[in-house]
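For reference, the chains in residue letters:
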Amino acid sequence: LYRLGYIRGSPWIGVLVAGAYLLHPSTHNMTLFHFHPDTLSATAILVALLGIEQRKPLIIALAAIVVCAAKENFALTVGWLGAWLLIRGQQRWGIALLLGSLAWFGVATFLIQPAFNGQPASVFVIRFDRYGDTPFEIIMTILQQPHRVALDMLQPENLHYLVLVFAPFGMLPLLSPARAALALPALSLNM
C-alpha cells in the first residue's frame, strides 16, 4: 500500500492507508485465529494492483493465480479486476484476467468443489437456491430480476455489515467509488 501511494505521488497517503489496513479488525481477526487463505489473497490482490500500476504482467499473473488459488470465489474478484482493466483501456490483461478467472471459478465451483465437499452441488448453488435450482437458473434470475437481489442485499443486517467493513477506514474507500467497486464481488457474496 505504501508503494502504491509512492507511485501515485503520495507516499504519506500510502503510509496512512497501510496503517488503516493493518489496524482493521478483519486483518486482526484473520491473524489471531487459525490460518485463513483470505489473508494471502488480500496481500496478493494488492500485489496485482501494484503490478498493474508498474505495468508488470508477470507480477499481475502470479498475484492473480495466488488470489484464485486461495479461495474459489476470489476468482470473481480477479474477474472484476479484469473488467476494471477493460474499462481503463487495458484490453489484453483485462480479457486475460476476466476469462481466466471466470474459467477457474467455473471449474473450481462446479466440478472440483462438488466432487470433494460431499454435496451434490456447489456451495454457491445451495447458498443461492432461492433464485433457482441450477447455476443457469440462478444467473438468469439475478440478471432478469436484479431488484429482487438488491432487496435481499439491502436488508438491515447487510447494511450493518457494510458499516462494519468501511468504518475502520473512516468510510474513505467510498470517496473513490471506482476503486471501491473492486470489492463488490466479495461484498456481494457476503451480503
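You'll find the structure just up there.
What counts as what
Chains are numbered independently. Their residues run from 1 in the order of the written sequence. In keeping with the model being predicted, local features are shown solely for residues with a pLDDT of at least 70 and side-chain atom pairs are shown and tallied solely at 80 or more, while totals for entire chains, interfaces and linings include all residues. Hydrogens and waters are ignored; side-chain quantities use all the structure's heavy atoms. Put simply, DSSP marks the helices as runs of H or I at least four residues long and the strands as runs of E at least two long, and each gets a number from the N terminus on. Taken over C-alpha atoms, the radius of gyration is set against a globule rule of 2.2 Å times the number of residues to the power 0.38. Relative accessibility thresholds used throughout: buried, under 20% of the residue-type maximum; exposed, over 50%; partly exposed, between the two (1.4 Å probe, protein chains only). In what follows, residue pairs with any heavy atoms lying within 4.5 Å of each other are defined as contacts. Each accessible area is a Shrake-Rupley result for a 1.4 Å probe, and residues are judged covered by the shown protein chains and nothing else. Working convention for charge: Lys and Arg count positive, Asp and Glu count negative, and His plus the chain ends are omitted. Charge coordinates come from a single atom per side chain, which is NZ of Lys, CZ of Arg, CG of Asp or CD of Glu. By definition here, a helix of n residues has an expected span of 1.5 Å times n minus one. Here the aromatic set is Phe, Tyr and Trp, taking the six-membered ring for Trp, and pairing holds for ring centres within 6.5 Å; pairs whose planes are under 30 degrees apart are stacked, those over 60 apart are edge-to-face, and all others are tilted. Think of it as a cone above the ring: NZ of Lys or CZ of Arg counts as a charge over the ring if it is within 6 Å of the ring centre and within 35 degrees of the ring normal.

Chemist: Which parts of the structure should I look at to understand the overall build of the protein chain?
Modeler: Along the protein chain, the regular secondary structure elements total 13 helices and zero strands. Compactness check: the protein chain gives a C-alpha radius of gyration of 17 Å against a globular reference of 16 Å for 191 residues, within 12% of the reference. For the protein chain, the C-alpha atoms occupy an extent of roughly 50 × 40 × 35 Å along the three principal directions. In the protein chain, which comprises 191 residues, the share counted as buried stands at 32%. A separation of at least 24 residues holds for 50% of the contacts in the protein chain among residues at least 6 apart in sequence. Carbon and sulfur atoms make up 72% of the accessible area of the protein chain, which totals about 11600 Å². For the protein chain, the distance from the average site of its 11 positive side-chain charges to the average site of its 8 negative ones is 18 Å.

Chemist: Would you explain helix α6 (residues 74-87) in this entry?
Modeler: Side chains three or four residues apart in an α-helix point the same way, a direct result of the helix having 3.6 residues per turn. The end-to-end C-alpha distance of α6, which contains 14 residues, comes to 20 Å, matching closely the 20 Å that a straight helix rising 1.5 Å per residue would cover. Within the sequence span of α6, burial applies to Phe-74, Ala-75, Thr-77, Val-78, Gly-79, Leu-81, Gly-82, Trp-84 and Leu-85. Positive phi appears at Gly-89, one or two residues downstream of α6, with a value of about 90°.

Chemist: What is the right way to read the side chain of Asn-73 from this model?
Modeler: Here Asn-73 shows up in the loop between α5 (57-70) and α6. In this structure, Asn-73 is in contact with Phe-105, Phe-124 and Leu-189, ignoring residues within four places of it in sequence.

Chemist: Sorry if this is basic, but what is going on with the packing of aromatic side chains here?
Modeler: Centre-to-centre distance and the angle between the planes together describe a pair of aromatic rings. As enumerated under the stated definition, the model contains three aromatic pairs in all. Their ring planes at 35° and their centres at 6.1 Å tell us that Tyr-2 and Tyr-6 sit as a pair that is tilted. Highlighted residues: Tyr-2 and Tyr-6, both in helix α1 (residues 2-7), separated by four residues, approximately one helical turn. Ring plane angle 90° and centroid distance 6.1 Å describe the contact between Phe-105 and Phe-110, whose orientation is recorded as edge-to-face. Classification of Phe-110 by relative accessible area gives partly exposed; the value is 35%. The ring of Trp-84 carries the charged tip of Arg-88 above its face, separated from the ring centre by 4.6 Å.

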